[in-house]
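Report on the structure
Okay, here's what each chain looks like letter by letter:
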Amino acid sequence: MAAVITVQGLRKEYRSLRGRTTVALDGVDFEISGPGVYGLLGPNGSGKTTTIRSLLGLVKPTAGTVTVLGQDVSNLSTVIGRVGALVEGPKFSPALSGRKNLELFASLADVERSRIDDVLALVEMTDRADDPVSSYSLGMSQRLGIASAMLNNPELVILDEPTNGLDPAGMADVRRLVRQLASEGRTVLVSSHQLHEIQQICDRVIIFRDGRVIAQGSVKEIVGAAAGNRILVKIDDHQVALATLERAGLTAMPTLDGSAIVVQIQGSATPADVNRVLAHEGLFATSITADELSLEEAFLTMTTNQTPSGAAGVKIKEMQ
Amino acid sequence: MTVFRSEVERITSRRATKVAAGVLTLGLFAIGGTTFLSHTNAAPDMAAARRLAAENTAGCMSWASEPDSGIAAADIATTCFSDPLWYVDDPKFHMNQILAVGQDGQSWTEITASIQERGDVYKVQESAEEEPVILPVQQASYGFSGGLVSFATALSLLAAVLGATYVGADWRSGIIESQMVRIPNRRRLIGGKFAAIGAVSAAGSMLFTSLYVAAVTPSAIWRGDFGVADGAFWMDVIGVTFRTAAMAAMMAIIGGGLALLARNTVAGVVGVLVAFIGGSFLINTPGRWTAFITLGENTNAFIARADVAYILEQSFQGALTWDRVVGHGYLAAGLLLATAAAGALLFSGASFLHRDVS
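This write-up is about the structure you can find in this document.

1. A look at the overall build of chain B
Secondary structure summary: chain B contains 13 helices and four strands in total. Out of the 358 residues belonging to chain B, those deemed buried represent 48%. By sequence separation, contacts in chain B at least 24 residues apart represent 76% of the contacts at least 6 residues apart. For chain B, the exposed area adds up to about 16500 Å²; of that, 65% sits on carbon and sulfur atoms.

Here it is, written out as structure tokens:
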């Protein structure tokens, strides 16, 4: 089965009038092979939106190839009927009603107007559909944007920052909606800064930094790789425990909130060895657990080389 | 076709379009109303006018009958004719006034024949001693100076502004990006968009020029007459209507093209206004080139079936002379504007096809 999206060696340069060149994408490679939810993560300016724009033919790559549903992006017209997208927020005529805006998009894409009621129901906007878009909250506009992306009942849905401006309940709705779309056998590509959201809904993530993909894989793989081999030790006497572990040649430091100690396991050492060292000095841990990073912590670690918020001074090797 | 249909629907659904249509409709009501109310022709006014005309005729005939007046007896009646309408402040509204002013008493065919008189050839002098031959210029202000032509010219300018604001608003709101996500074939998208802009402008201008005629018709029926509005007159009204439609379409495309190129409403509107109004400042500069760059003059000439003139500077017997002479006729003016519209579309379209949207 052909990949849904293939991106190989994608490079995008912007040249200013003064001749200065800015590299937005520098050899991006990734592949999205089948139904599920895929997340694009990265700080502002890392290349996520440029990648999405390249997938949709809005920007022309300087080099590299992009295929969508088996077609080169230059032939996007042949498959666009199977793609729905929302790029950088919803864009509607504010004076017209939500329904009228959808009618215009439906007419543009040659979609049956009967589909409008379906997508309005999907995003729970039926009640407000006849009000002007200018009266909508940001969240309602976002939901209408998703509805417009779903007009042609697409196989591939590309959503750029779909939870922007949504309240927690709205985010939960979008989360549920995205999962629902994936469960219907669609491929959903989501870019977001809401990493907590991504963690909950994505099957796989692709992390960008400085125009490059620095990591890709399942959320579990990404978090595990970023966390490295670390354990979290809860114990009563932190100072004595830290000194003991240091004498044993282990790297250990307290968490920022001081509730536990993070121990870096090195070489062939195991958590049992850590427990044995402490017990030998008469120190007994109340719990020893694997130190699990959130996706946000992993993301920060990989994109900025920052210390995970849970531990002071721990540097995790960057994935390449 | 789907792009065209969708764009037509979107243009006609726009608030700006509705506001412009509403303002125009109200304006036409006002024109119709003030025309009707300002042509009262009250009975006492007409009686006084008839009395003054009779007095004038009597006085004239008395003078003309004198042997030294030099007026032949057979010509006295004609020479001393006084029309009572000359003595009323509010004369009857003649329907032909919507195309030409102050041409009472002649059929429209006669009026147009007289204003179209001009030489066939303009010959630039070959030497400074040869007297320049100046071709009479058929000016819009002489031929079609009526309200309909001015209104039609204003409609063309409005179409240009609406074209610029429509395309500019698409960029500002990002709607064009949403459209491109659905129609990746940019040629198809822009073709449909501009076809719709042109078609709506043409249809709108035809509607409103027709409404203009309709707005003053009650004045002709109840406060005046259809005067000398013969078949030729109505053919000219239809001609003005169709030429205005073509002009509105071209101007809207020029305005939209400028906005597409700049991706900005203000640039589109300012560009059109500078081209339209700015040219008027050049019209008194000597040189044939001025006839080609004055957008407003060419628009007016095309609609009014007039000439576009320019100032010719010549030397005759050691002295410089400046004369307004014919640059080109109304068909050439139309062709020039069609070329400008095609150029705006091609240039902005090429830019749209190749530039990123980011």
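2. Some details on the packing of aromatic side chains
By the definition in use, this model includes five aromatic pairs over all chains. Seen in terms of ring centroids, Phe92(A) and Phe105(A) are 6.0 Å apart; in terms of plane orientation they differ by 65 degrees. Their pairing is edge-to-face. With Phe92(A) in the loop between β6 (83-86) and α2 (98-108) and Phe105(A) in helix α2, the pair connects residues that are 13 residues apart, well separated along the chain. Measuring from ring centre to ring centre gives 6.2 Å for Trp171(B) and Phe352(B), while their planes differ by 75 degrees; the resulting arrangement is edge-to-face.

3. Structural notes on the pairing of strand β1 (residues 5-15) of chain A
Residue and element names in this part refer to chain A. As paired strands, β1 and strand β4 (residues 63-68) are joined by five bridges and run antiparallel to one another. For valine 7, the partnering residue across the bridge sits in β4 and is valine 66. Examined bridge by bridge, β1 and strand β2 (residues 21-32) share nine bridges and lie antiparallel to one another. Its bridge partner being in β2, arginine 15 is matched across the sheet by threonine 21. From the end of β1 to the start of β2, which pair antiparallel, there are five residues, and glycine 19 there has a positive phi angle of about 90 degrees.

4. Comments concerning the environment of Ala309(B)
As for its position among the elements, Ala309(B) is in strand β3 (residues 308-316). Between the C-alpha atoms of Ala309(B) and Glu297(B), which are twelve residues apart in sequence, the distance is 8.5 Å.

5. Some details on the packing of helix α10 (residues 265-278) of chain B against helix α12 (residues 295-304) of chain B
Residue and element names in this part refer to chain B. For the pair α10 and α12, the least separation of the axes is 5 Å and the interaxial angle reads 75 degrees. In terms of their interaxial angle, α10 and α12 are classed as roughly perpendicular. Two secondary-structure elements touch here, α10 through Val272, Ala275 and Phe276 and α12 through Leu295, Gly296 and Thr299. Its residues placed into classes, the contact of α10 with α12 shows four nonpolar, two polar and no charged.

6. What to know about the pattern of salt bridges
Overall, the coordinates contain 27 salt bridges over all chains when judged by the stated rule. Notably, a salt bridge pairs Glu7(B) with Lys193(B), separated by 3.1 Å at the nearest N-O pair. Taken together, the residues Glu7(B) in helix α1 (residues 2-13) and Lys193(B) in helix α8 (residues 186-223) connect sequence positions 186 residues apart. The exposure class of Glu7(B) is buried, given its relative accessible area of 0%. For Lys193(B), a relative accessible area of 0% translates into the label buried. Salt bridges linked by common partners bring Arg11(A), Glu13(A), Arg15(A), Asp26(A) and Arg212(A) together as one network.

The rules behind each value
Residues numbered from 1 in each chain as written. Chains lettered and ligands numbered in written order. Predicted model: local features only at pLDDT ≥ 70, side-chain atom pairs only at ≥ 80, totals over all residues. Heavy atoms only, no water. Helix = DSSP H or I, 4+ residues; strand = E, 2+ residues; numbered from the N terminus. Buried < 20%, exposed > 50% of the residue type's maximum accessible area, 1.4 Å probe, protein only. Contact = heavy atoms within 4.5 Å. Areas by Shrake-Rupley, 256 points an atom, 1.4 Å probe, with all protein chains shown as cover. Phe/Tyr/Trp six-rings, centres within 6.5 Å; stacked < 30°, edge-to-face > 60°. Pairing = 2+ DSSP bridges. Axes fitted to C-alpha atoms, helices over the stretch in contact; angles between N-to-C directions. Parallel < 35°, antiparallel > 145°, perpendicular 65-115°, else oblique. Nonpolar A, V, L, I, M, F, W, Y, C, P; charged D, E, K, R; others polar. Salt bridge = Lys/Arg side-chain N within 4 Å of Asp/Glu carboxyl O.

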